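# Commentary on secondary and tertiary structure
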Amino acid sequence: MTELKVLEGKDLTRIERIGAHSHIRGLGLDDALEARKNSQGMVGQRAARKAAGVILQMIKDGKIAGRAVLLAGQPGTGKTAIAMGMAKALGEEAPFAMMAGSEIFSLEMSKTEALTQAFRKAIGVRIKEETEIIEGEVVEILIDKPASAGSASKTGKLTLKTTEMETVYDLGAKMIENLSKEKIQSGDIVAIDKASGKITKLGRSFARSRDYDAMGPQTKFVQCPEGELQKRKEVVHVVSLHEIDVINSRTQGFLALFAGDTGEIRPEVREQIDGKVAEWREEGKADIVPGVLFIDEVHMLDIECFSYLNRALEQDMAPILVVATNRGITRIRGTNYKSPHGIPIDLLDRLLIISTQPYTEEEIRLILDIRCEEEDVEMTEEARDLLTKIGHETSLRYAIHLITAASLACLKRKGKEVDIEDISRVYSLFVDVKRSTQFLMEYQEQFMFNEMADPTQDDSQMSE
Ligand SMILES: Nc1ncnc2c1ncn2[C@@H]1O[C@H](COP(=O)(O)OP(=O)(O)OP(=O)(O)O)[C@@H](O)[C@H]1O
Ligand SMILES: [Mg+2]
């Protein structure tokens, strides 16, 4: 491998849906890392949020590597929410990779391969490159219309100027296509990457600010560039080690990144890449940006995976590992031994533990308010009170789920605001865990496999 290939600037736009955690935009901390009562979509759980913030600050300062944090607490106490908040607060550059413990059990690759890939997704490489660009104001775009109408053979000329010079460039079909895709017109200030032909519109020239009245309010005005048209510019981009792995493994190739089916990557490929990256670091062309690997539901990992984690955390390029679990003292998967959180003691010993607490009624109310806003649901005070009470007595998640259902019930009766009647209607329509269990107890003999678990029986005796 002589030249390593790296992905250039990712132009992917993320589709944002209203998901369980879409209201979370950060950890909601102030400058002193104290948790604000209600900020960035986060409510309560202040000690845990502060602790997460301290870890984040250490990551940003580049002070720690290879540390691991465990978020432990009852179901629905915001463990996943805090991890999402960390991801948002981490910023663009450092990578945040996320997986659920169960994802390692795949038929396509071994467990350790899945974990290795996850670790390498969480390690960024910041690469500095010098590129040649042409930057100037578009004076004129001329496209020749050939007699035989075939778009492939289109040619044209592009005139660009700076305050000091003006040059005419020949255009090929590809460039013409790029120009029309970016809707470039004369009067625009553009930058063209010489190697890739990528065109970026930087804005409109100040000189043309009064030419058009058909401009949107977002139109940005910029000065016509000075000096030479051709410039050398240093560009910096961050890619993850995993992305470099995939692009350079011949059997997978570039497209695998988008398809997601990367398969196993040969160890030789990784070795070469690590060597090359080390070389770049020595030459000052690249830096390592350790990110965060978040493994949710970590009790789903088994003993082999845990021992892999022990080792992986000791490598010098290791990311920060954040894991979460809602389990108490339980069997370690793959063994007959029990351990706190289902995690072996030797790994637990390496973890900083952040615990989350159940929410108060007031906090539940605030979270429900945020969710109503996120889902665009209008709700009366009384309905909110009732929903809060339901949330307190059943679970926060159940109450959150009722919001959408209640708003549909409200829509059906052509109401404007969700009211008590809608809430009680969906409350009777969808049962929560407690009522469902109650029902099962009463009618258990009519269900299949209806033997009630004997509470005295130990679950460690269950076979795999
Ligand atoms: N402090 C909080 N502020 C705002 N929203 C929260 C907060 N805590 C939890 N939520 C929201 O409540 C719901 C349940 O929380 P979450 O999924 O984080 O629980 P969890 O601790 O991961 O539970 P489990 O152990 O079952 O995975 C989510 O929709 C989450 O976004
Ligand atoms: Mg969770």
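Preceding this section is the structure that the text describes.
To keep things clear, this report deals only with the structure shown in the data block. Just so you know, these numbers come straight off a predicted model, no measurement behind them. (Residues numbered from 1 in each chain as written. Chains lettered and ligands numbered in written order. Predicted model: local features only at pLDDT ≥ 70, side-chain atom pairs only at ≥ 80, totals over all residues. Heavy atoms only, no water.)

### What about the site of ligand 1?
Around ligand 1 sit 22 residues in total, of which Val43, Lys79, Thr80, Tyr359 and Arg397 are the nearest. Within the side chain of Asn326, an N or O atom sits 2.9 Å from an oxygen atom of ligand 1. One of the side-chain nitrogen or oxygen atoms of Tyr359 is found 2.5 Å away from a nitrogen atom of ligand 1. Protein contacts shield 96% of the accessible area of ligand 1, which totals 630 Å² for the unbound molecule. (Near = heavy atom within 4 Å. Polar contact = N/O pair within 3.5 Å; in protein donor to acceptor, adjacent residues only side chain to side chain. Areas by Shrake-Rupley, 256 points an atom, 1.4 Å probe, with all protein chains shown as cover.)

### Quick look at a nonpolar patch on the surface
On the surface, a cluster of nonpolar side chains totalling about 370 Å² of accessible area is made up of Phe439, Leu440, Tyr443 and Phe447. The residue Leu440 is located in helix H14 (residues 433-443) in this model. (Patch = residues over 30% accessible without salt bridge, like charges linked within 9 Å, V, L, I, M, F, W, Y side chains within 5 Å. Salt bridge = Lys/Arg side-chain N within 4 Å of Asp/Glu carboxyl O. Helix = DSSP H or I, 4+ residues; strand = E, 2+ residues; numbered from the N terminus.)

### Observations regarding the pairing of strand E9 (residues 199-205)
Consecutive residues of a regular strand have side chains that alternate between opposite faces of the sheet. In this structure, strand E8 (residues 188-193) lies alongside E9, joined through five bridges in antiparallel fashion. Paired with Asp188 across the two strands is Arg204, which belongs to E9. (Pairing = 2+ DSSP bridges.)

### So, a negative patch on the surface
Residues Glu373, Asp376, Glu378 and Glu417 make up a contiguous surface patch of negative charge. For Glu417, the position within the fold is in the loop between helix H12 (396-412) and helix H13 (420-429). Glu417 gets classed as partly exposed once you look at its relative accessible area, which sits at 37%. (Lys, Arg positive; Asp, Glu negative; His and termini not counted. Charge placed at Lys NZ, Arg CZ, Asp CG, Glu CD. Buried < 20%, exposed > 50% of the residue type's maximum accessible area, 1.4 Å probe, protein only.)

### Some points on the layout of surface pockets
Unfilled space is identified by rolling a water-sized probe across the atoms. Put simply, the second largest pocket is a space of about 550 Å³. Going through the elements one at a time, strand E2 (42-43), helix H2 (79-90), strand E14 (320-325), helix H10 (361-374) and H12 are the ones with two or more residues in the lining of the second largest pocket. If you tally residues by element for the lining of the second largest pocket, the top one is H12, at four residues. Grouping the constituent residues of the lining of the second largest pocket by class yields eleven nonpolar, eleven polar and five charged. Two domains each donate at least three residues to the lining of the second largest pocket, and these are domain 1 (38-122 + 291-355) and domain 3 (361-441). (1 Å grid on protein atoms, 1.4 Å probe; cavity = no way out; pocket = protein on both sides within 12 Å on 5 of 7 lines; lining within 4 Å. Points joined across faces, edges and corners; volume = space filled by probe spheres on them. Nonpolar A, V, L, I, M, F, W, Y, C, P; charged D, E, K, R; others polar. Domains from an automatic or database assignment.)

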